[in-house]
Amino acid sequence: MKRVLSVFIAMLLIAGTIGTVGAQAQKRYKFVVITHATAVPFFVPVRKGAEDAGKLIGADVVYTGPTGFDIQQQVEFVKSAIAQKVDGIAMTMPDANAFNAVVKEAMSKGIPVIAINADAPESGRLAYIGQGNYEAGRSMGMQIVKLLPNGGDVLLTTHTAGAENLEDRIRGIKDVLDAQGGKFKYRVVATGTDMVRAVSLISSALQANPNIKGMFGVEEVTGSAIAQIIERDRLKGKVMAGGFDLVTDELVAIQKGNMQFTIDQQPYLQGFQGVMELYLLKKFNLTPCDINTGIAPVTAENVNEVMKLAAEGYR
Amino acid sequence: MNKSATKNQKNKSRIVLGRDIGVLIAAILIAVFFTIASPVFLTAYNFFNLLRQTAQLGIIAMAMTMLIISGEFDLSVGAIYAVTGVVTGILVKNMGFNIWPAALIGFLTALLLGFVNGTLISTTKINSFIGTLSTQMIFRGIAMVLSQGQPISFLQSSIFFDAFGRAELFGNIPVQIFWLLAWTLISFYLLHRTSFGVKVFATGDNRLAADLSGIKTMSIKKTCFMITSAAAGLSSLISLAFLKTVTPTQGSGLELEAIAAGVIGGTSMSGGVGSILGTFIGTFIMAEVRTGLVLMGTDAYVQDAFVGLVIALAVIINVRFSISKDRT
């Protein structure tokens, strides 16, 4: 099976090369992947996944978007992709309605659009590839329940109060904790994106309530800050800790036992499958379908393997 | 009380110290309020926590105060803060440098960027709001490109990290606080006790008059830009040592907080008025309010609004002071 697959991939690669050399002998597709904040480390595997898919199928894949979170600018990037008459767009949709018009415009011009990472079902996109933030929050909630079977006071931390994706995660966590029959008391602390301040404010919140049994960050900034606090104040094992996404600080903390888990949403798959579905639609008219890229908790058991893959840009 | 004193231009740098009493009282009142509201507020742990927060922003805010007094702004400090960290990180991680020379080069890069700002503003005479807004984007871009948007973590251990951000002296005093105090003393001396300081005030108060009296106002401004970038560089190294991580997005928004801290401390946005101690206390107030609100268990959604309220109140008070100054 493996052999068949590698032969198949090799053939695809050769086909791709011939495609380029044999100038227009076969149409080379051009797909654009647009994220809402290209400079965020989270999207590095998304880009790699998309580009790897492009290499496999012999298509041009362009990864682009605003460097910092900016919906208006992201719309402009989509419009420019439409103007270039690309063969398909895979994009994040971090707002429920902001992309409705531009997605319709693309679709009406025959350019298929697929949502990755963040979804807007009403935009008219063909499919969504990613993880539900609410489900991811629930997954974190279940990890918390597992770590603290007797319940207790916990801190939930977020770098931006009011950000839709983070609020969904928090809602997911709360729903799980609330379902434990009042065993859990939680408090949400918002810190801003500066990590020095995050460390300081979360320490204060911890000081304010000595009964806190666990601290959990719903993104990587406060997640890393929690890892710092556990190490500095020697709280390993006394206060449970968890975070989101894969960044070195969190992974090292898991290795050292300072942190118990982090939730990964396998962004590589979002880029890879996004391009693949566009290709299969163009090439064989296969209808795109939703893919759940999963919720993969990283714990002490698998952290070493994940770190190796993260360094290579796959996780 | 300032009316007669302000008439005497020469003593200007001295009399602003009197004005710091107002900010100091505000800081104490806020502390009293939070101490009553939360028993944890007045503990050594929390106090050091506050000062650690103050160190990162305060070092930059005090330098920014000098620059604002001279009549200019620097909106690129947050980006310089990022570039310093990223350059240091890249040198260590990708090029195998020892952390010490890497940090030195990072710091020199900050100085260079300050020199670019100063030269740009003094030669083209464009408004520094626009000038440094554009360099902010350029510098931030440099940090993004160099790091490829990735955070850089330092896994090795070195005395560098202890010296700049991790050591706790006498058992529990974070080393950052010593950097903060050292920087405060140097800045205070420079601005309030040297002829350079007098020239800074003169430049911002009335540039034409200063020019006529033989002060090279452009080179004063240039020096202030470089002091500001040096502060951003130092603060960045302190944060790098403390967190053992740098991100290309770090420090965004820092420029406005630094300006706000200065204004709370009585710095006038129109130049010519301000003090190092005022800014120190202004920064401390911002940290106090943020931390106090968390300690009280305030809802996450209203925290920013409260901080904004404090800034607004401070500015209103500052404007009232400025009006009485203009009347004389």
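Residues numbered from 1 in each chain as written. Chains lettered and ligands numbered in written order. Predicted model: local features only at pLDDT ≥ 70, side-chain atom pairs only at ≥ 80, totals over all residues. Heavy atoms only, no water.

Visitor: Talk me through the nonpolar core; I want residue IDs and the actual numbers.
Guide: Formed by 124 residues in total, the largest nonpolar core has its most connected members in M215 of chain A together with F160, W183 and I285 of chain B. It is helix α3 (residues 44-69) of chain B that provides the largest number of residues to this core, a total of 15 residues. Beyond its immediate chain neighbours, meaning those up to four positions away, W183 of chain B contacts I59, M62, A63, I227, A230, A231 and L234 of chain B. (Core = buried A, V, L, I, M, F, W, Y, C linked by side-chain atoms within 4.5 Å. Buried < 20%, exposed > 50% of the residue type's maximum accessible area, 1.4 Å probe, protein only. Helix = DSSP H or I, 4+ residues; strand = E, 2+ residues; numbered from the N terminus. Contact = heavy atoms within 4.5 Å.)

Visitor: So what's going on with the interface of chain B and chain A? Residues and values would help.
Guide: Each partner contributes residues to the interface: chain B has 33 residues there, and chain A has 29 residues. Between chain B and chain A, the buried area comes to about 2,700 Å², and carbon and sulfur atoms account for 56% of it. Ranking the residues of chain B by area buried against chain A places Y45, L243 and V294 of chain B at the top, with a combined share of 22%. Counting across the chain B and chain A interface gives 1 salt bridge. Two residues, E257 of chain B and R197 of chain A, come together in a salt bridge whose shortest N-O distance is 2.5 Å. In this assembly, chain B and chain A are joined by 13 residue pairs in polar contact (both at pLDDT 80 or more). Secondary-structure elements contributing two or more residues to the side of chain B that touches chain A are α3, α11 (217-243) and α13 (276-295) of chain B. With 6 residues, the single largest contributor to the side of chain B that touches chain A is α3 of chain B. Looking at side-chain class alone, the side of chain B that touches chain A contains 13 nonpolar, 15 polar and 5 charged residues. (Buried area = accessible area lost by both parts, 1.4 Å probe. Salt bridge = Lys/Arg side-chain N within 4 Å of Asp/Glu carboxyl O. Polar contact = N/O pair within 3.5 Å; in protein donor to acceptor, adjacent residues only side chain to side chain. Nonpolar A, V, L, I, M, F, W, Y, C, P; charged D, E, K, R; others polar.)

Visitor: An account of the pairing of strand β6 (residues 152-158) of chain A is requested, with residue identities and associated values reported.
Guide: Residue and element names in this part refer to chain A. With 7 of 7 residues buried, β6 lies mostly within the body of the structure. Pairing geometry for β6 and strand β7 (residues 184-190), over 7 bridges, is parallel. Within the sheet, the bridge partner assigned to G152 lies in β7 and is F184. Read from β6 through helix α6 (residues 164-178) to β7, the crossover connection turns out right-handed. Where β6 meets strand β8 (residues 212-217), 5 bridges bridge the pair, whose relative direction is parallel. Bridge pairing in β8 places T157 opposite G217. (Pairing = 2+ DSSP bridges. Right-handed = clockwise from strand over helix to strand, strands pointing away.)

Visitor: If you had to explain empty space enclosed by the protein to someone new, which residues and values would you point to?
Guide: Inspection of the entire model under this criterion finds 1 cavity of 30 Å³ or more. Space inside the largest cavity adds up to approximately 50 Å³. If you trace the largest cavity, you find it lined by V196 of chain A together with R52, A55, Q56, Q176, S235, I238, S239 and F242 of chain B. Mapped onto the lining of the largest cavity, the elements with two or more residues apiece are α3 and α11 of chain B. (1 Å grid on protein atoms, 1.4 Å probe; cavity = no way out; pocket = protein on both sides within 12 Å on 5 of 7 lines; lining within 4 Å. Points joined across faces, edges and corners; volume = space filled by probe spheres on them.)

Visitor: Describe unusual backbone geometry, and please don't skip the residues or the numbers.
Guide: Where the residue is not glycine, phi is negative for most of them; where a peptide bond is considered, it is trans in most cases. Residues and elements named next belong to chain A. The backbone of D245 shows a phi angle near 65°, a positive value even though the residue is not glycine. Mapped onto the elements, D245 comes out in the loop between β9 (240-244) and α9 (248-256). The backbone of N285 sits at a positive phi, close to 55°, despite the residue not being glycine. Along the chain, the position of N285 falls in the loop between α10 (267-284) and β11 (291-292).

Visitor: An account of the packing of aromatic side chains is needed here, citing residue identities and associated values.
Guide: By convention here, two paired aromatic rings are described through the distance between centres and the angle between planes. Per the stated rule, a full pass over the model turns up 16 aromatic pairs over all chains. With a centroid separation of 5.8 Å and 25° between ring planes, the pair formed by Y29 of chain A and F31 of chain A is classed as stacked. For Y29 of chain A, a relative accessible area of 14% translates into the label buried. Look at F31 of chain A and you get buried, because its relative accessible area is 0%. Centre to centre, the rings of F47 of chain B and F48 of chain B are 6.1 Å apart; their planes meet at 55°, and the pair counts as tilted. The exposure class of F47 of chain B is partly exposed, given its relative accessible area of 39%. The exposure class assigned to F48 of chain B is buried, which follows from its relative accessible area of 15%. (Phe/Tyr/Trp six-rings, centres within 6.5 Å; stacked < 30°, edge-to-face > 60°.)

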